[in-house]
Structure formats: C-alpha cells, structure tokens
Amino acid sequence: MSTIAFIGLGQMGKPMASNLIKKGHSLTVYDVNKTAIAEVQALGAKSSTSPKDAVKDCEFIITMLPNGKLVEEVIFGQNGVIHTIRKDGLIIDMSTIHPLESDNLRNKLTMQNIEFMDAPVGRTSDNAVVGTLLILAGGTSEQIKRASPILRCMGSEIINAGGPGQGIRVKLINNFMSIALNALSAEAATLCEALGLPLDVAINVMKGTPAIKSHFTTTWTNKVLKNDLTPAFMIDLAHKDLGIATDVANQLHVPLLMGAAAREMYSQARAMGRGKQDWTAILEQARMNSGLKNN
C-alpha cells in the first residue's frame, strides 16, 4: 500500500481521504481546519502541523484545495511541500483551479525535477463519499499509470485527458457548459410555467432532441464537425424561432437573459451571411469571433 499525504479536507477532500484509508493506504493529512483533521485521524490517518510536515516520507502528495493561490502556497510557501518532498514524490493536484495557474505550478516544479500532475474530479460530494468520482487525469502516461491504483480508491472512472494540463482544461470546459446550461434550463422551465405547459411534457419531448441530448453528441457530429454546413435546419429558422420565444416571454414578463444572448449570436451569424447555413454553423461563427478561423 502507498504512503500518501493528503492536503485539503473540505467537503470533497475529507471523504476522498477517508476512502483512501478504507482501502488500506497510509495517510498523513493536513488542513487548517483542526476538526476535519481530527475526524480523519479517527479513521486511522496521521495528523501533521504543516504541508512540509505532512509530506515527509510520502510517495504521493494529493492537494484538494479551493483555489490556485492556496495550492501554490501549500507547495512553495514557507512551510510548503517543496522543502521536504521525496525525490520520487508525485504531486497530484485534484483541485479545480485556473489552467494557467496549474501550468505555472507544473513548470516551476519541473525545473526542480519534481513530478506534478493534474487530476480534477467530476460529479458531486455524494460521489466522493461512496468513491464514485469521475477523475480527469492530466499527466504523462507513466504518471497516470503510477497514480491509478490510488485514484481508483476515490473514483469509479478515470479518463486519460491526453497529457499534462489537459485534466484541468476538460474540467473547466465541462463546468462551463453545465453551469451555463443550468441557467438556460432554468429559463426554459420558467417559460414552460408561464405558458401553462407541464414541465414533464417538455422534458419528455426534449429528452429525444439536442435540447437534452447535446449538440456535441447529435447535430455537430453529423454536420459542422464533418465540414458540412448544408442546412438540415437553417440559421435563419433558428433565429426566427428564438425570436418567437423571446417575444412571447417578453409579453409574459419572463426575462430570458441567456436566450437573448443566444439570439444575438444568431443575429451576428446572419449578418455574416450564414443565414442559409445549417444551425451548427454557430460553432464556426464562434471560432471566427475568437480569431481561430477566418471564413
């Protein structure tokens, strides 16, 4: 079994550390919350007084912290990991932090011949409790292979994100989309209620359409990702339908902030001559807006 220092015993970190103990690993833990330390210590972990103290003689160092500044302080601070880490130690940052901050940490550690990988998690604290997190592993193939036995103690699925730094990048994209969709879904549900349409009827319809199934896995794979913008459903028609939705919402005094923003993007696509293209051409419009493609 592995020797592990676990730093960060919050809502996610504490159950993750607990599952490592239950699987027989030797854990030394640190957190600014002494109560959290005591609770995990009661399960068999060793306590420590600082990150520097926690990592002594540990093969793996796991950080699960709220932001990048704290991760950097834990690693490079006066009482940081950097001062006592073993030469063969592997730092696994499972926090959700800024990708460029993660890159900076990895680069600084690489200059000191210290291994670092990102492995943020998906799903919820309930999954953390039962050990069924989705783990997005960003590291070399050797690092992921080495870390997998302990990662499996905390998650039921490990995805190789494709190299160092890619785990935190795919976590960012996943969260961006799901969080924004939450707001758009709330607008759709509110409009259902204002129109007197039962939500279960709407859900039953939408579960068979891109509204719930996602454009990533339906319309895009058949059209824009194959460089085919011949219209199955035109930008002009999508713009018209969004206009109807925002108009009726306005008459019912239902603000559609996300919907209005989406209509502006379709308006822009029409202004650029995309009205007769397939609605998946919105991806090409977004790429052009970002300077990624000139077409």
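Calculation rules
- Residues numbered from 1 in each chain as written.
- Predicted model: local features only at pLDDT ≥ 70, side-chain atom pairs only at ≥ 80, totals over all residues.
- Heavy atoms only, no water.
- Axes fitted to C-alpha atoms, helices over the stretch in contact; angles between N-to-C directions.
- Helix = DSSP H or I, 4+ residues; strand = E, 2+ residues; numbered from the N terminus.
- Parallel < 35°, antiparallel > 145°, perpendicular 65-115°, else oblique.
- Contact = heavy atoms within 4.5 Å.
- Nonpolar A, V, L, I, M, F, W, Y, C, P; charged D, E, K, R; others polar.
- Phe/Tyr/Trp six-rings, centres within 6.5 Å; stacked < 30°, edge-to-face > 60°.
- Buried < 20%, exposed > 50% of the residue type's maximum accessible area, 1.4 Å probe, protein only.
- Lys NZ or Arg CZ within 6 Å of the ring centre and 35° of its normal.
- Polar contact = N/O pair within 3.5 Å; in protein donor to acceptor, adjacent residues only side chain to side chain.
- Salt bridge = Lys/Arg side-chain N within 4 Å of Asp/Glu carboxyl O.
- Pairing = 2+ DSSP bridges.
- Patch = residues over 30% accessible without salt bridge, like charges linked within 9 Å, V, L, I, M, F, W, Y side chains within 5 Å.
- Areas by Shrake-Rupley, 256 points an atom, 1.4 Å probe, with all protein chains shown as cover.
- Expected span 1.5 Å × (residues − 1).
- Arc of directions from axis to C-beta.

The name given to the protein chain in an unreviewed UniProt entry is Gamma-hydroxybutyrate dehydrogenase, and the organism recorded there is Chelonobacter oris.

Asks: Please set out the packing of helix H5 (residues 99-110) against helix H8 (residues 166-195) residue by residue, giving values where relevant.
Replies: Between H5 and H8, the least distance of the axes is 9 Å, while the angle of their chain directions is 170 degrees. In terms of axis orientation, H5 runs roughly antiparallel to H8. Residue-level inspection shows Pro99, Leu100, Ser102 and Asp103 of H5 in contact with H8, the latter providing Ile168, Arg169 and Leu172. Here the residues of the contact of H5 with H8 are counted per class, giving four nonpolar, one polar and two charged.

Asks: Any chance you could break down the packing of aromatic side chains for me, citing the residues and the numbers?
Replies: On inspection of all chains with the given rule, the structure shows two aromatic pairs. Centre to centre, the rings of Phe216 and Trp220 are 5.0 Å apart; their planes meet at 55 degrees, and the pair counts as tilted. You can call Phe216 partly exposed: its relative accessible area is 41%. Lying over the aromatic face of Phe76, Lys108 brings its terminal NZ or CZ to 4.2 Å of the ring centre.

Asks: I'd love a proper account of the environment of Asp228, names of residues and values included.
Replies: Looking at the element boundaries, Asp228 is found in the loop between helix H11 (219-222) and helix H12 (235-251). Look at Asp228 and you get partly exposed, because its relative accessible area is 25%. Placed 49 residues apart in sequence, Asp228 and Gln277 show a C-alpha to C-alpha distance of 9.2 Å. Discounting residues that sit within four places of it in the chain, Asp228 has contacts with Asn222 and Lys223. A polar contact of 2.6 Å, which involves the side chain of Asp228, links it to the side chain of Thr230.

Asks: Talk me through the side chain of Thr246; I want residue IDs and the actual numbers.
Replies: With respect to the element layout, Thr246 can be found in helix H12. Classification of Thr246 as buried rests on a relative accessible area of 18%. Ignoring sequence-local partners within four residues, the contact set of Thr246 consists of Leu256, Gly259, Ala260 and Arg263.

Asks: Tell me about the pattern of salt bridges, and name the residues and values.
Replies: Overall, the coordinates contain 14 salt bridges when judged by the stated rule. Notably, a salt bridge pairs Glu115 with Arg146, separated by 3.7 Å at the nearest N-O pair. With Glu115 in strand S6 (residues 115-118) and Arg146 in helix H7 (residues 141-151), this pair connects stretches of sequence that are 31 residues apart. For Glu115, a relative accessible area of 34% gives the class partly exposed. The class for Arg146 is partly exposed, based on a relative accessible area of 25%. For Lys240, the salt bridge goes to Asp241, with nearest N and O atoms at 2.8 Å. Each member of the salt-bridge network shares a partner with another, and the members are Glu59, Glu115 and Arg146.

Asks: So what about the sheet that holds strand S8 (residues 133-137)? Which residues, and what values?
Replies: One open sheet holds the three strands; their spatial order is S7-S8-S9, and the pairing between them is mixed. Each edge of the open sheet carries a strand with a single partner, namely strand S7 (121-122) and strand S9 (155-160). In the packing of H7 onto the sheet, the strands contacted are S8 and S9, and the crossing angle to S9 comes to about 165 degrees.

Asks: Please set out a nonpolar patch on the surface residue by residue, giving values where relevant.
Replies: Together, Leu195, Leu197, Val201, Val205 and Leu252 give the surface a local cluster of nonpolar side chains, amounting to about 410 Å² of exposed area. Topologically, Leu252 is positioned in the loop between H12 and helix H13 (257-271).

Asks: Outline the sheet that holds strand S1 (residues 3-7), listing residues and values.
Replies: In space, the six strands of this open sheet follow the order S3-S2-S1-S4-S5-S6, with parallel pairing throughout. Strands with a single pairing partner mark the edges of an open sheet, and in this sheet they are strand S3 (46-47) and S6. As paired strands, S1 and strand S4 (residues 60-63) are joined by four bridges and run parallel to one another. Residue pairing across strands places Ile7 opposite Thr63, the latter belonging to S4. On the sheet, H5 packs against strand S5 (90-93) and S6 and is oriented at approximately 165 degrees with respect to S6.

Asks: Could you give an account of H5, with specific residues and numbers?
Replies: Spanning 12 residues, H5 covers 16 Å between terminal C-alpha atoms, matching the ideal 16 Å at 1.5 Å per step. Along H5, the residues classified as buried are Pro99, Ser102, Asp103, Leu105, Arg106 and Leu109. Burial along H5 is one-sided: seen end-on, the buried residues are contained in an arc of 160 degrees. Buried-residue contacts for H5 involve helix H4 (68-76), S5, S6 and H8.

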